[in-house]
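One-letter residues, chain by chain:
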Amino acid sequence: MCVRTERTPFGANVGGTAELISSPVPSNDLGWDFYFAERSVRHENTAFAGAAMAPGDRTVTADNTINRKGDITMKTNLKKFAALILAVLFVCCLAACGGEQQKVSVIGISQYGEHESLDNCRLGFLQGLKDAGLTEGVDYVIDYQNAGFDDNIVKQIAESFSANNVALMCGIATPSAMACYAAAENKNIPVIFTAITDPVQAKLDTGNVTGTSDKLAVEGQLELIRAMQPDAETIGILYTTSEPNSVSAIAEYEEKAPAYGFTIEAVGVTSQPEVVQACDTLLAKGVDCMSNLTDNNVVGMLPAILEKTNAKKVPVYGSEIEQVKKGCVASIGIDYFELGRQTGAMAAKVLKGEATCEEMPYETIKEYGLYVSYPAMAEMGLTLPESYADRAIDANA
């Protein structure tokens, strides 16, 4: 008896590996050549049994000894059979190795729109992963999507991340973070957010979600404005009525402004195209200055706002360094790259299994910077008080 080797169809086993099955079969199943060789030997045995043979020849005797020709044929076919077995085993090993390739975690990044603050958040997030010892392409891959400030696209991006079962979602700005959490909740996919002023207002403070808040230093900003404009009475603010961050910030400004001798004149918009007209409305009301929030629709139109305010000699105070670089006079604010890096460090803990989102409360920036633009101040006829000079950071340096 001999052994026949069969292989199951490709993909029948996990990882695309093939399986070998051994079963006893008659020796003539080794192949047609072997089969005919064996029959030839048996025929020769019948036809020439007892005949005289030349010296050195072998024949088939009554005990079925195979002659020399049949012996060589059998050995040749056995070698072919052994080679076939080795080839099959080699193919199986390759299939098994291919099926055991390590899966790389996919991080879905949803960014609400493109402007310097949010871009810096994303770059800082990637740096935070790197600082934690993770390597892109080895430990994770990035699926980056930009919604272009379109709430419908924000939802589609989040749902696609969920359908693809990404390992983790990162939502940059409140609309993106809220959409990611809504899409991930049923699948329990962890969500890390950044650039969110009020996670509680956005209902992102419980569940498999955490991240970093860019909560504004409202009191610090009011103190700065009072120091730079002692006679100012009214501060104008533009905001998006549907963005929880902005609604929360307006409420805080209105609550705290009277203690510094200010009143707040706020004008809301529902979309980015309305921002320029809303700016005209504020300027028509005679505001003494404007304080810019981290409102994404408004920040996206900041160059157009500054063009109008500069023409009217109305100073605009920013909420972070990038806004000051664009022409705001000063800001008690944050560095969004550092905020993103802080967020990336939190995401790395989740990916490495060191902590879950539930185990990490959301974090805020502990220290705010004072960023100034000396050219912008000079254009508005403003100077920085001595009490601020030592800690001021030139945004254009």
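The present account deals with the structure reproduced in this document. The structure presented is a predicted model; accordingly, all values stated were derived computationally and were not measured.

### Considerations on helix α6 (residues 218–228)
Buried within α6 are the following residues: Val 218, Gln 221, Leu 222, Leu 224, Ile 225 and Met 228. Around the axis of α6, the buried residues are gathered within 160 degrees of arc, so they sit on the same side.

### Quick look at the nonpolar core
Across soluble globular proteins, nonpolar side chains have a tendency to be buried as a group. Judged by nonpolar contacts, the single largest core of 47 residues is most densely connected at Ile 107, Phe 125, Leu 129, Met 169 and Leu 204. Not counting residues up to four positions away in its chain, the partners in contact with Met 169 are Gly 108, Ala 158, Phe 161, Ser 162, Cys 180, Ala 184, Ile 189, Pro 190, Val 191 and Ile 192. By size, the runner-up hydrophobic cluster in this structure holds 33 residues, among which are Val 218, Ala 330, Met 380 and Ala 392.

### Points about the sheet that holds strand β14 (residues 369–372)
Here three strands make up an open sheet; going across it, the order is β12-β14-β15 and the pairing mixed. Among the strands making up the open sheet, the edge pair consists of β12 (330–333) and β15 (392–394). Averaged over all adjacent pairs, the angle separating strand axes in this sheet is 30 degrees, with direction ignored. As paired strands, β12 and β14 are joined by four bridges and run antiparallel to one another. Its bridge partner lying in β14, Ser 331 is registered against Tyr 371. The strands that α6 touches are β12 and β14; relative to β12, the one it contacts most, it runs at about 155 degrees.

### Let's talk about the pattern of salt bridges
Pairing is possible between side chains of opposite charge, provided their charged atoms come close. Throughout the structure, instances matching the rule amount to eleven salt bridges. Salt-bridge contacts for Lys 215 lead to Glu 252; the nearest nitrogen and oxygen are separated by 3.1 Å. Linking Lys 215 in the loop between β7 (209–213) and α6 with Glu 252 in helix α7 (residues 244–256), this pair joins segments that are 37 residues apart in sequence. Given the relative accessible area of 34%, Lys 215 is considered partly exposed. What you see here is one network of salt bridges that share partners, running through Lys 215, Glu 219, Glu 252 and Lys 256.

### Topic: unusual backbone geometry
Unlike most non-glycine residues, Asn 165 shows phi in positive territory, near 55 degrees. Locating Asn 165 in the fold gives a position in the loop between α4 (151–163) and β5 (168–172). For Lys 203, which is not glycine, the phi dihedral falls at a positive 60 degrees. By secondary structure assignment, the location of Lys 203 is in the loop between β6 (191–196) and β7.

### Looking at the sheet that holds strand β3 (residues 105–111)
Across the sheet, six strands lie side by side as β4-β3-β5-β6-β7-β13; this open sheet has parallel pairing. Here the strands that pair on one side only, and so sit at the sheet edges, are β4 (140–146) and β13 (363–364). As judged from the four bridges shared by β5 and β6, these two strands associate in the parallel manner. Across the sheet, residue Met 169 finds its bridge partner in β6, namely Val 191. The sheet strands contacting helix α5 (residues 174–184) are β3, β5, β6 and β7, and the helix crosses β6 at an angle near 165 degrees. In the packing of helix α12 (residues 336–351) onto the sheet, contacts are made with β3, β5, β6, β7 and β13, and the angle to β6 comes to roughly 170 degrees.

### Considerations on the pairing of strand β9 (residues 263–269)
Both strand β8 (residues 234–240) and β9 contribute to a ladder of seven bridges, which runs parallel. Along β9, the bridge assignment pairs Thr 240 with Val 269. Between the parallel elements β8 and β9, the chain passes through α7 in a crossover that is right-handed.

### Focus on the environment of Thr 263
Inspection of the secondary structure puts Thr 263 in strand β9. A relative accessible area of 47% means that Thr 263 is categorised as partly exposed. Between the C-alpha atom of Thr 263 and that of Thr 234, which follows or precedes it by 29 residues, the distance is 5.0 Å. At 3.4 Å, the side chain of Thr 263 forms a polar contact with the side chain of Thr 234.

Cut-offs and rules
- Residues numbered from 1 in each chain as written.
- Predicted model: local features only at pLDDT ≥ 70, side-chain atom pairs only at ≥ 80, totals over all residues.
- Heavy atoms only, no water.
- Buried < 20%, exposed > 50% of the residue type's maximum accessible area, 1.4 Å probe, protein only.
- Helix = DSSP H or I, 4+ residues; strand = E, 2+ residues; numbered from the N terminus.
- Arc of directions from axis to C-beta.
- Core = buried A, V, L, I, M, F, W, Y, C linked by side-chain atoms within 4.5 Å.
- Contact = heavy atoms within 4.5 Å.
- Pairing = 2+ DSSP bridges.
- Axes fitted to C-alpha atoms, helices over the stretch in contact; angles between N-to-C directions.
- Salt bridge = Lys/Arg side-chain N within 4 Å of Asp/Glu carboxyl O.
- Right-handed = clockwise from strand over helix to strand, strands pointing away.
- Polar contact = N/O pair within 3.5 Å; in protein donor to acceptor, adjacent residues only side chain to side chain.

Geometric values such as these leave the question of function open.
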